[in-house]
Amino acid sequence: MFMPVGTLGSVKAVSQETLEELGARILLANTYHLYLRPGVEVVRRMGGLHRFMAWKRAILTDSGGFQVFSLSELRKVTEEGVTFRSHLDGSTHFLSPERAMEIQIGLGADIIMAFDECTEYPAERERVRDSMEMTLRWAERSKRYFEQHSQYPVPGTRYPASHQPSDASRQKSRSLDYEGRSASGSRISARDDSFSEVADHRPLATDHCSTQTLFGIVQGGMDRELRRESALRTVEIGFAGYAIGGLSVGEPREMTREIVEWTLEFLPRDKPRYLMGVGTPEEIALYARMGVDMMDCVLPTRAARHGLLFTSEGRVSIKQARYAEDAGPMDPACECGVCRRYSRAYLRHLYAANELLAQTLNTVHNLHFYLETMRRVRRELSTVGKGKPMTTEDTE
Ligand SMILES: [Zn+2]
């Protein structure tokens, strides 16, 4: 599955209604950004992130680590955690594995991520090893804190006292597939009715899961041996799912692909495998065929706001003058609402005139293109048969 990125509890330029119509099943929200604004306490008091943003489907929050390392200034990393200054107002903050868990538990996402250090690229082998070792120690601390403090149910999904779910149904709601069904095929209905106060005028096909799960993150830079070691030791600690982090940090694309393919071999097939922050439509299809289950990327939404559209005929830069009087759709093969209704000429005009609608329409198309790409790959894989290993040769 592909997760659109909703940095501040909003996928830029599109509403939750639109995301539902596009078929997005899960969003990624950024802990770092939400922690700084509006703050975890506000979100908690508003009933958790699902209720706050009126989104009943699944949410994954990252640990905040990546943003701390890429956005904040004057950070100081110690064994205990990271001290950093906000990119907004320069105020000082501290994030540790325990604090990252506490914040994510408070936000109430369905899937939360262990606190890791994203190693910069390029880096010396010793530096990569030290960083990987610290990430492993932080993974243990994250898990320990999570197990001791994760509340059940998550904010916004409280059960009436008389309806405490049995252990069996808890287990069931942990094993939702991407369609929101349990392994046995029955719908999970684990929210309380007060949730429906928020934007419940239209029934949703799925409700978000009512428990939180914790994923571990594999690091190890571009070093195969360190990646292998990081994967094996992270699996040994034991998580509900595993992410491959520390990629798309400036390395050549071919290297990303090699490391992903290599690392996947050491991650269990029966657990979700999540590749963080990747990639182009071709890449997400390729990685899904390799065995990656989950991906997120700002590319479709960010590119859309810069007038770059992904189409079945390749990339289109809608700002170009050649589209000024082009009456055809953005992508003749696309069935999204934008392509069915608007011309390239109109989209080009909106962009050139800096109209807000340009951002919305471009984002809708790009997200549709990504989500449709994943739907196509899923259909393809289910035809091939679940569990059959696919080599990269099969994908081309
Ligand atoms: Zn379209």
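Residues numbered from 1 in each chain as written. Predicted model: local features only at pLDDT ≥ 70, side-chain atom pairs only at ≥ 80, totals over all residues. Heavy atoms only, no water.

Draft legend 1. Region of the structure containing the pairing of strand E4 (residues 73–77). Both E4 and strand E5 (residues 82–85) contribute to a ladder of three bridges, which runs antiparallel. Bridge pairing in E5 places Glu73 opposite Arg85. A loop of four residues connects E4 with E5, the two strands running antiparallel in sequence. (Pairing = 2+ DSSP bridges. Helix = DSSP H or I, 4+ residues; strand = E, 2+ residues; numbered from the N terminus.)

Draft legend 2. Up close: the coordination of the zinc ion. Within the protein, the atoms that donate to the zinc ion are Cys334 (SG), Cys336 (SG), Cys339 (SG) and His365 (ND1), at distances of 2.1 to 2.3 Å. Taken in sequence order, the residues that donate to the zinc ion follow the motif C-x1-C-x2-C-x25-H. The same class applies to Cys334 as to Cys339, namely buried. (Donors = N, O, S within 2.8 Å, 3.2 Å for Na, K, Ca; no water. Buried < 20%, exposed > 50% of the residue type's maximum accessible area, 1.4 Å probe, protein only.)

Draft legend 3. Layout of the nonpolar core. Of all hydrophobic cores here, the largest spans 88 residues; its most connected members are Phe2, Leu19, Met101, Val260, Leu275, Tyr287 and Met295. In terms of residue count, helix H15 (residues 356–384) provides more of this core than any other element does, nine residues in total. (Core = buried A, V, L, I, M, F, W, Y, C linked by side-chain atoms within 4.5 Å.)

Draft legend 4. Expanded view of the sheet that holds strand E10 (residues 273–275). The sheet built from eight strands is open, its strands ordered E1-E11-E10-E9-E8-E7-E3-E2 with parallel pairing. The open sheet has two edge strands, strand E1 (2–3) and strand E2 (26–29), and neither has a second partner. Of the strands in this sheet, strand E7 (111–113) and strand E8 (213–218) are in contact with helix H7 (residues 125–149), which crosses E8 at around 175°. (Contact = heavy atoms within 4.5 Å. Axes fitted to C-alpha atoms, helices over the stretch in contact; angles between N-to-C directions.)

Draft legend 5. Structural detail: the pattern of salt bridges. In this structure the tally under the stated criterion is 20 salt bridges. Two residues, Glu229 and Arg233, come together in a salt bridge whose shortest N-O distance is 2.7 Å. Taken as a pair, Glu229 and Arg233 lie in helix H9 (residues 224–237) at a separation of four residues, close to a single helical turn. Given the relative accessible area of 29%, Arg233 is considered partly exposed. Between Asp326 and Arg344 there is a salt bridge, with the nearest N and O atoms lying 3.6 Å from each other. Of this pair, Asp326 sits in the loop between strand E13 (314–317) and helix H13 (337–341) while Arg344 sits in helix H14 (residues 344–352), and the two are 18 residues apart along the sequence. (Salt bridge = Lys/Arg side-chain N within 4 Å of Asp/Glu carboxyl O.)

Draft legend 6. Representation of a negative patch on the surface. On the surface, a cluster of negative charge is made up of Glu254, Glu258, Glu261 and Glu265. Topologically, Glu254 is positioned in helix H10 (residues 253–264). (Patch = residues over 30% accessible without salt bridge, like charges linked within 9 Å, V, L, I, M, F, W, Y side chains within 5 Å. Areas by Shrake-Rupley, 256 points an atom, 1.4 Å probe, with all protein chains shown as cover. Lys, Arg positive; Asp, Glu negative; His and termini not counted. Charge placed at Lys NZ, Arg CZ, Asp CG, Glu CD.)

Draft legend 7. Representation of unusual backbone geometry. A cis amide bond links Tyr121 with the next residue in sequence, Pro122, at an omega value of -5°. With respect to the helices and strands, Pro122 occurs in the loop between E7 and H7. Cis geometry is found at the peptide bond from Val278 to Gly279, where omega equals 15°. Residue placement: Gly279 occurs in the loop between E10 and helix H11 (281–290). The phi dihedral of Ser248 falls on the positive side, at around 60°, and the residue is not glycine. With a phi close to 60°, Asn354 is a non-glycine residue in the positive phi region.

Draft legend 8. Broad picture of the sheet that holds E4. The strand order E4-E5-E6 describes an open sheet built from three strands, whose pairing is antiparallel. Here the strands that pair on one side only, and so sit at the sheet edges, are E4 and strand E6 (92–95). Between one strand and the next, the sheet's axes are offset by a mean angle of 20°, whatever the strand orientation. With four bridges connecting them, E5 and E6 associate as antiparallel partners. Note that in E6 the partner of Val82 across the bridge is Leu95.

Draft legend 9. Looking closely at the environment of Gly64. Assignment of secondary structure puts Gly64 in the loop between strand E3 (58–61) and helix H5 (65–70). On a C-alpha basis, the gap between Gly64 and Ile103 in space is 9.6 Å, while along the polypeptide they are 39 residues apart. What Gly64 contacts, discounting residues up to four positions off in sequence, is Thr31, Tyr32, Leu95 and Phe115.

Draft legend 10. Structural view of the environment of Glu133. Take Glu133: it is sitting in helix H7. Measuring from C-alpha to C-alpha, the distance between Glu133 and Glu229 comes to 9.8 Å, with 96 residues separating the pair along the chain. Not counting chain neighbours up to four residues away, the residues in contact with Glu133 comprise Glu229 and Arg233.

Draft legend 11. Structural view of helix H6 (residues 97–107). With eight of 11 residues buried, H6 lies mostly within the body of the structure. The first or second residue beyond H6 is Gly108, which carries a positive phi of 85°.

Draft legend 12. Looking closely at a nonpolar patch on the surface. On the surface, Val42, Met46 and Phe52 cluster together to form a nonpolar patch covering roughly 240 Å² of accessible area. With respect to the element layout, Val42 can be found in helix H3 (residues 40–45).

Draft legend 13. Quick look at the packing of H6 against H7. Between H6 and H7, the shortest axis-to-axis distance is 8 Å and the interhelical angle comes to 40°. Judged on the interaxial angle alone, H7 and H6 are oblique. Crossing angle aside, the handedness with which H6 passes H7 is right-handed. Touching Pro97, Glu98, Met101, Glu102 and Ile105 of H6 are Trp138, Arg141, Ser142, Tyr145, Phe146 and His149, all from H7. Residues of the contact of H6 with H7, tallied by class, amount to six nonpolar, two polar and three charged. (Parallel < 35°, antiparallel > 145°, perpendicular 65-115°, else oblique. Left-handed = near helix turned anticlockwise from the far one by under 90°. Nonpolar A, V, L, I, M, F, W, Y, C, P; charged D, E, K, R; others polar.)

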